[in-house]
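In case you want the letters, here they are:
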Amino acid sequence: MSATASSSSSPARSRVLEQHDDDIVIVSAVRSAITKGRKGGFKDTKPELILSHVLRAVYEKVNLDPKLIDDISVGNVLPPGGGASAARMAALHAGIPVETSINTVNRQCSSGLTAVTQIANEIKAGQIEFGIGAGVESMTNGFGAGAVSQVSEEVLENKDAEDCLLPMGITSENVAADYHISRDRQDAFAATSFQKAAKAQKEGRFKDEILPIKAKWVDPKTEKELEVVVDSDDGIREGVTKEGLAKLKPAFKKDGSTHAGNASQVSDGAAAVLLTKRSTAKKHGLRVLGKFVTSAVVGVPPRIMGVGPAYAIPKVLQLTHLSLNDIDFFEINEAFASQAIMSVDHLGIPYEKVNINGGAIALGHPLGATGARQIVTGLNVAKQYGGRVFVNSMCIGSGMGMAAVFVSEH
């Protein structure tokens, strides 16, 4: 048995492993590389162009006529010019016809998963046959003080509403303080994430999930514009140790424990997932990669927004009648080491089942893309290590958590 395969044979697990014609299935899933904001391979590429590449690839990979795509939903947190028109332009540039509708959705860090859920539910309701759930973020272009606007003073009289404005790093410090998570444990967790990702990258384990993209890149030293092929996550660093991270200064509080090395990176990237019903996939001769079972979202106090997965995962397990033992592995977004540790500890998940090829601390976290990216990675991990049932989850800025159950059919 592989390291990720569950020994559970519960009735609930057997039920989710069953195959039915009306299952909502994934027939194609692809992501771009994740690159460092303002420094990496996509620093000179606009988000709509990265998105266009993955939208085109997700249907071309399986030779689907783009005329059959009914609707697209794109997760995007820092939208250029209001958002929806940039996504629409990306779809048109990707060879998808004008008749195919599109929207953007912003549920902060879960936007990509929210987009996939929307499409899955539209298919389930019989509104569409084929749809793409996607996500994109260029934090190079959108991230920073300009993304924050003035808020009504009356609204800020509500303490929880006011806490929604806390910098994410302060919410991480709150989680560390409230749940007694030491700097040492956070640094150890972060170092492990880097080590797992560096090993996976060295072994070529990300190759099957990443679409190589030609991009223009301006060399900051010579100011020459070069054409480069972006085909690997450039935030991954080799040789990261807990001892090395211990030397970094806290970023948000003088006596704090959150710093650049144990928090997710500011990143650029995109991902796309093509969904339909199993019966439709059969009709079109499409191979099923996996099944979308369901998802759940919960609210948590904004001042400790990072605890979201600790409450969203039980909710999605309750909806599916699954237990933790039924799940082969987990992709939990590492917004910060503090909140990832709290979520894993709170639920009692074995650490070896979490982020097997590393997480966002090492890979990066392009906000709107992460929820879709985790699906692509999860399907790839299942194929490599033999797990079947997996859960994706993330905390959400302003105090929420989201989680979803998938079944791999590799």
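Residues numbered from 1 in each chain as written. Predicted model: local features only at pLDDT ≥ 70, side-chain atom pairs only at ≥ 80, totals over all residues. Heavy atoms only, no water.

*Asks:* How would you summarise the overall build of the protein if you had to cite specific residues and measurements?
*Replies:* Helix and strand counts for the protein stand at 15 helices and 12 strands. The C-alpha radius of gyration of the protein comes to 20 Å, within 12% of the 22 Å expected for a compact globule of 410 residues. Its C-alpha atoms put the protein at 60 × 55 × 50 Å along the principal axes. Buried residues in the protein amount to 56% of all 410 residues. When contacts within the protein are restricted to residue pairs at least 6 apart in sequence, long-range pairs at least 24 apart make up 81% of them. Approximately 16900 Å² of the protein is accessible, and the part contributed by carbon and sulfur atoms is 52%. Positive and negative side-chain charges in the protein, numbering 44 and 45 respectively, have mean positions lying 5 Å apart. (Helix = DSSP H or I, 4+ residues; strand = E, 2+ residues; numbered from the N terminus. Rg over C-alpha atoms; globule rule 2.2 N^0.38 Å. Buried < 20%, exposed > 50% of the residue type's maximum accessible area, 1.4 Å probe, protein only. Contact = heavy atoms within 4.5 Å. Areas by Shrake-Rupley, 256 points an atom, 1.4 Å probe, with all protein chains shown as cover. Lys, Arg positive; Asp, Glu negative; His and termini not counted. Charge placed at Lys NZ, Arg CZ, Asp CG, Glu CD.)

*Asks:* Describe the side chain of Gln-186, with residues and values.
*Replies:* You can see Gln-186 is positioned in helix α9 (residues 183-202). What makes Gln-186 buried here is its relative accessible area of 0%. A polar atom in the side chain of Gln-186 sits 3.1 Å from the backbone oxygen of Ile-181. Among residues more than four places away in sequence, those in contact with Gln-186 are Ala-176, Ile-181, Ser-257, Thr-258, Asn-262, Ala-337, Ser-338 and Ile-341. (Polar contact = N/O pair within 3.5 Å; in protein donor to acceptor, adjacent residues only side chain to side chain.)

*Asks:* Could you give an account of the packing of helix α4 (residues 111-124) against helix α15 (residues 370-385), with specific residues and numbers?
*Replies:* The description of two packed helices rests on the angle between their axes and on the distance between the axes. Where α4 meets α15, the closest approach of the two axes is 4 Å, and the angle between their N-to-C directions is 75°. Between α4 and α15, the angle falls in the class roughly perpendicular. Facing α4, whose interface residues are Gly-112, Leu-113 and Val-116, α15 presents Gly-371, Ala-372 and Ile-375. (Axes fitted to C-alpha atoms, helices over the stretch in contact; angles between N-to-C directions. Parallel < 35°, antiparallel > 145°, perpendicular 65-115°, else oblique.)

*Asks:* Summarise the pattern of salt bridges; cite the residues concerned and give the values.
*Replies:* This structure, assessed with the given rule, holds 17 salt bridges. A salt bridge links Asp-21 to Lys-282; its shortest N-O distance comes to 2.8 Å. Of this pair, Asp-21 sits in the loop between α1 (11-17) and β1 (24-31) while Lys-282 sits in helix α11 (residues 278-283), and the two are 261 residues apart along the sequence. Salt bridges here are not isolated pairs; linked through shared partners, they connect Asp-23, Arg-278, Lys-291 and Glu-409. (Salt bridge = Lys/Arg side-chain N within 4 Å of Asp/Glu carboxyl O.)

*Asks:* Please give an account of α9 that cites residues and values.
*Replies:* With 20 residues, α9 should reach 28 Å at 1.5 Å per residue; the first-to-last C-alpha distance of 28 Å fits that figure. All of the buried residues in α9 are Gln-186, Asp-187, Phe-189, Ala-190, Ala-191, Ser-193, Phe-194, Ala-197, Ala-198 and Ala-200. Phi for Gly-204, located one or two positions after α9, is positive at around 75°. (Expected span 1.5 Å × (residues − 1).)

*Asks:* Can you explain the packing of helix α2 (residues 47-60) against helix α3 (residues 84-93)? Please cite residues and give values.
*Replies:* Axis separation between α2 and α3 bottoms out at 8 Å; the angle between their running directions is 45°. Of the possible angle classes, the one that applies to α2 and α3 is oblique. As for how α2 packs across α3, the hand of that crossing is right-handed. On the side of α2, the interface is formed by Glu-48, Leu-49, Leu-51, Ser-52, Leu-55 and Arg-56, while α3 contributes Ala-86, Ala-87, Ala-90, Ala-91 and His-93. Split by residue class, the contact of α2 with α3 holds seven nonpolar, two polar and two charged. (Left-handed = near helix turned anticlockwise from the far one by under 90°. Nonpolar A, V, L, I, M, F, W, Y, C, P; charged D, E, K, R; others polar.)

*Asks:* Break down the state of the cysteines for me, with residues and values.
*Replies:* Within the structure shown, the criterion is met by zero disulfides. With no disulfide of its own, Cys-109 lies closest to Cys-395 among cysteine sulfurs, the gap being 5.8 Å. Looking at Cys-109, the relative accessible area reads 11%, which means it is buried. (Disulfide = S-S within 2.5 Å.)

*Asks:* Give a detailed account of the pairing of strand β9 (residues 290-299), specifying residues and quantitative values.
*Replies:* For β9, a buried count of seven out of 10 residues is recorded, marking the element as mostly surrounded by other parts of the structure. Where β1 meets β9, three bridges bridge the pair, whose relative direction is antiparallel. Paired with Ile-26 across the bridge in β9 is Gly-290. As defined by bridge partners, β9 adjoins strand β12 (residues 400-408) across nine bridges and the pair is classed as antiparallel. (Pairing = 2+ DSSP bridges.)

*Asks:* Hey, could you go over the UniProt feature "domain: Thiolase C-terminal" (unreviewed entry) in the protein for me, with residue numbers and the actual values?
*Replies:* On the UniProt side, "domain: Thiolase C-terminal" (unreviewed entry) is annotated at positions that read residues 287-406 here. Helix makes up 37% of residues 287-406 and strand 24%. Its end C-alpha atoms lie 16 Å apart. (UniProt positions renumbered as here; feature names shortened; annotations may be inferred.)

*Asks:* Can you tell me about the packing of aromatic side chains, naming the residues and giving the values?
*Replies:* Applying the stated criterion to the full structure yields four aromatic pairs. Seen from their ring centres, Phe-189 and Tyr-351 are 6.2 Å apart, and the 70° between their planes marks the pair as edge-to-face. Separated by 162 residues along the polypeptide, Phe-189 in helix α9 and Tyr-351 in the loop between α13 (337-347) and α14 (360-363) bring together distant segments of the chain. By relative accessible area, which is 11% here, Phe-189 ends up buried. By relative accessible area, Tyr-351 is classed as partly exposed at 31%. (Phe/Tyr/Trp six-rings, centres within 6.5 Å; stacked < 30°, edge-to-face > 60°.)

*Asks:* Residues and numbers for α3, please.
*Replies:* Those residues of α3 not exposed but buried are Ala-86, Ala-87, Ala-90 and Ala-91. An end-on view of α3 places all buried positions within 140° of arc, on one side of the element. Positive backbone phi, approximately 85°, marks Gly-95, located one or two places after α3. (Arc of directions from axis to C-beta.)

*Asks:* Please provide a residue-by-residue account of the nonpolar core, values included.
*Replies:* With 84 residues, the main nonpolar core has Leu-51, Leu-55, Ile-72, Ile-96 and Ile-132 as its most contacted residues. Discounting residues that sit within four places of it in the chain, Ile-132 has contacts with Leu-55, Val-58, Ile-69, Asp-71, Ile-72, Ser-73, Ile-96, Ile-119, Ala-272, Val-273 and Leu-274. Ile-123, Ala-271, Ile-375 and Met-394 belong to the second-largest nonpolar core, a separate cluster that totals 27 residues. (Core = buried A, V, L, I, M, F, W, Y, C linked by side-chain atoms within 4.5 Å.)

*Asks:* Outline the UniProt feature "active site" (unreviewed entry) in the protein, listing residues and values.
*Replies:* Under the UniProt annotation, the feature "active site" (unreviewed entry) is placed at Cys-109, His-365 and Cys-395. In three dimensions, the annotated residues from a span of 287 residues occupy one location, with a maximal C-alpha spread of 11.9 Å. Along the chain, Cys-109 turns up in the loop between β4 (101-105) and α4. Those residues in contact with Cys-109 that lie beyond four places of it in its chain are His-365, Leu-367, Thr-370, Gly-371, Met-394, Cys-395, Ile-396 and Gly-397. With respect to the helices and strands, Cys-395 occurs in strand β11 (residues 389-396).

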